[in-house]
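Chain residues, written in single-letter form:
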Amino acid sequence: MFKNYKGAIHIHSTLSDGTGKLKDIVKSAKSAGLDFIIITDHNHYDTKEGIFDGIYVIKGEEISPQNCNHYLALGINEEILPEENPQIYVDKVRAQGGFGFAAHPNEGINENGEERKNSHHCIPWTDKNIKPDGVEIWNWFSNWADNLDDRNIFKLAYCYLFKHCITTNPSKLTLEWWDKLNNETDKIVPAIGGVDAHALKFYKYIYPVTVFPYKTCFNTVTNVIHLEEKLSEDFFVAKNQILDALKSGNNTIVNRHTLKSIPLIYMKNGDKKYFCGQKTELSKDLCIKINSEKTLELLLVYNGEEVEKSTGKTFNIPVEKAGKYRIEASYKGKKFLYTNPFLVQG
Ligand SMILES: [Zn+2]
Ligand SMILES: [Zn+2]
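Undergrad: I keep staring at the overall build of the protein chain and nothing clicks. Help me out?
TA: Within the protein chain, the regular secondary structure consists of 8 helices and 20 strands. By the compact-globule yardstick of 20 Å for 346 residues, the protein chain fits well, its C-alpha radius of gyration being 19 Å. Principal-axis analysis of the C-alpha atoms gives the protein chain an extent of 65 × 45 × 40 Å. Within the span of the protein chain, comprising 346 residues, buried residues form 45% of the whole. The contacts of the protein chain with a sequence gap of at least 6 include a subset with a gap of at least 24, amounting to 65%.

Have a look at this one:
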């Protein structure tokens, strides 16, 4: 069966505006039960890489103009500077053999496309006609900041103390954009979930308050990558395995704060099993199978359209048409899981 590995993506260290050194971040990742982390400092590409204390540490860069169009660049060779036109750095990332994800693309924008009203400095992807290689569909910190109510100290304290209650699910607009990008191509446009961990420290109260320590973040939005083979013990081989999986959409995005046990989701064609991001041919016994320890509310999305809703622990969904299928799942009414698309060819 497949090998699953858990990772956190989109992390800031002291090299940009995060407060943690690599050593502390690795320690937090280990105690959160992760296998890999991807550090993406703003406009920096010089994090140390390797296997530290059993955690695979991969460097990326968040190419970050001041007010918009942040881009998580992975698999590049050297630092890329921000530009006014994001198309320039989207192309530069590809020219270096890398790939990238539009970060928090609808930050600060509500479901009706209006600006949210709080003091958080919002940084959306402004021109949705400029196509990234992939989309960060869920950004835990950004999701929290979008729902932040800072009209007075009591509301602010509530949002800080009950952070998991006010953090909801990916923006509908972002999911629609991701589906649209997928509908425009035969290939998979992959998605990731980011934590955007900074562990920011505030000193204006009696004692310093750390907003979202790394460990807290690492127990939330997680990328579960699916591999055919075990992760190599050679760092550079393993790095390629992880990045290839993310580029191909072989990952499921799960908020582990909502549900720790990760359901098994695959497509079955005859004797063969496929995980998300993989492709198979249409056949008469093709189906999507799901096994979960807990009862889930499931949504099947076909070429961007919601086609089926059901509740249970095991599911066997026949597939009768070519196209892209993806799964969303909720636990106790809270969305917590998004697969990348499964590709079925006619
Ligand atoms: Zn950003
Ligand atoms: Zn960031």
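Undergrad: Explanation requested: the domain arrangement of the protein chain in the structure shown.
TA: You'll often see interface size given as the accessible area lost when the parts meet. Annotation of the protein chain at the domain level lists domain 1 (3-255) and domain 2 (264-345). Spacing between the C-alpha centres of domain 1 and domain 2 amounts to 25 Å. Counting residues at the interface gives 19 residues for domain 1 and 16 residues for domain 2. Looking at the side of domain 1 that touches domain 2, the elements with two or more residues in it are α6 (172-183) and β12 (251-255). It is β12 that provides the largest number of residues to the side of domain 1 that touches domain 2, a total of 5 residues. For the side of domain 1 that touches domain 2, a count of residues per class yields 7 nonpolar, 10 polar and 2 charged.

Undergrad: Looking at this structure, how should I read unusual backbone geometry?
TA: Where the residue is not glycine, phi is negative for most of them; where a peptide bond is considered, it is trans in most cases. A positive phi angle, near 80 degrees, is found at H10, a position not held by glycine. On the secondary structure map, H10 appears in strand β1 (residues 3-11). Its identity as a non-glycine residue notwithstanding, N43 has a phi of 50 degrees, on the positive side. Within the secondary structure, N43 sits in the loop between β2 (36-42) and β3 (50-52).

Undergrad: Help me understand helix α2 (residues 86-95), please; the structure alone is not making it clear to me.
TA: Helical geometry note: an α-helix holds 3.6 residues per turn, so side chains three or four residues apart project in the same direction. All of the buried residues in α2 are P86, Y89, V90 and V93. What you see down the axis of α2 is that its buried residues fit within an arc of 105 degrees, all on one side. Away from its buried face, by an angle of more than 90 degrees, α2 presents the exposed residues D91 and A95. Contact partners of the buried residues in α2: β4 (55-63), β5 (71-74) and β6 (99-102). Backbone geometry just downstream of α2 places G97 in the positive-phi region, at approximately 80 degrees.

Undergrad: Would you mind going over the environment of F36 with me for this structure?
TA: Within the secondary structure layout, F36 lies in strand β2. Between the C-alpha atoms of F36 and G7, which are 29 residues apart in sequence, the distance is 4.6 Å. If we ignore the near neighbours within four places in the chain, the residues touching F36 are Y5, G7, I55, Y56, I58 and I242.

Undergrad: Mind showing me how you'd approach the nonpolar core here?
TA: Proteins that are soluble and globular tend to have nonpolar side chains buried together. Of all hydrophobic cores here, the largest spans 85 residues; its most connected members are A8, A29, I37 and V195. For this core, the element with the most residues is β4, which contributes 5 residues. Of the domains in this structure, domain 1 (3-255) and domain 2 (264-345) are the two that each give at least three residues to this core. In this structure I37 touches G7, A8, I11, I25, A29, I55 and V57, once residues within four positions along its chain are discounted.

Undergrad: Help me understand the pairing of strand β8 (residues 191-194), please; the structure alone is not making it clear to me.
TA: On a regular strand, each side chain points to the face opposite its neighbour's, so the side chains alternate between the two faces of the sheet. Alternating positions in β8 separate into two faces, A191 and G193 on one and I192 and G194 on the other, with burial throughout. Here strand β7 (residues 134-139) runs beside β8; their pairing, made up of 4 bridges, is parallel. Note on β8: the bridge partner recorded for W138 is G193.

Undergrad: Got a minute to help me understand the environment of A191 in this structure?
TA: Considering the arrangement of structural elements, one finds A191 in strand β8. By C-beta crowding, A191 is classed as buried, having 30 other C-beta atoms within 10 Å. For the pair A191 and G270, spaced 79 residues apart in sequence, the C-alpha to C-alpha distance is 28 Å.

Undergrad: How do you make sense of the pairing of strand β19 (residues 334-339) when you look at a structure like this?
TA: With 3 bridges joining them, β12 and β19 adopt antiparallel strand pairing. The residue of β19 that forms the bridge with T252 is T339. Where strand β18 (residues 323-331) meets β19, 4 bridges bridge the pair, whose relative direction is antiparallel. Residue pairing for β19: E328 is matched across the bridge by Y338. Between β18 and the antiparallel strand that follows it, β19, lie 2 residues; K332 among them carries a positive phi value of about 50 degrees.

Undergrad: Would you mind going over the environment of K332 with me for this structure?
TA: Tracing the backbone shows K332 in the loop between β18 and β19. For the pair K332 and G193, spaced 139 residues apart in sequence, the C-alpha separation works out to 21 Å.

Criteria and thresholds
Residues numbered from 1 in each chain as written. Chains lettered and ligands numbered in written order. Predicted model: local features only at pLDDT ≥ 70, side-chain atom pairs only at ≥ 80, totals over all residues. Helix = DSSP H or I, 4+ residues; strand = E, 2+ residues; numbered from the N terminus. Rg over C-alpha atoms; globule rule 2.2 N^0.38 Å. Buried ≥ 20, exposed ≤ 12 C-beta atoms within 10 Å, placed from the backbone. Contact = placed C-beta atoms within 7 Å. Domains from an automatic or database assignment. Nonpolar A, V, L, I, M, F, W, Y, C, P; charged D, E, K, R; others polar. Arc of directions from axis to C-beta. Core = buried A, V, L, I, M, F, W, Y, C linked by C-beta atoms within 7 Å. Pairing = 2+ DSSP bridges.

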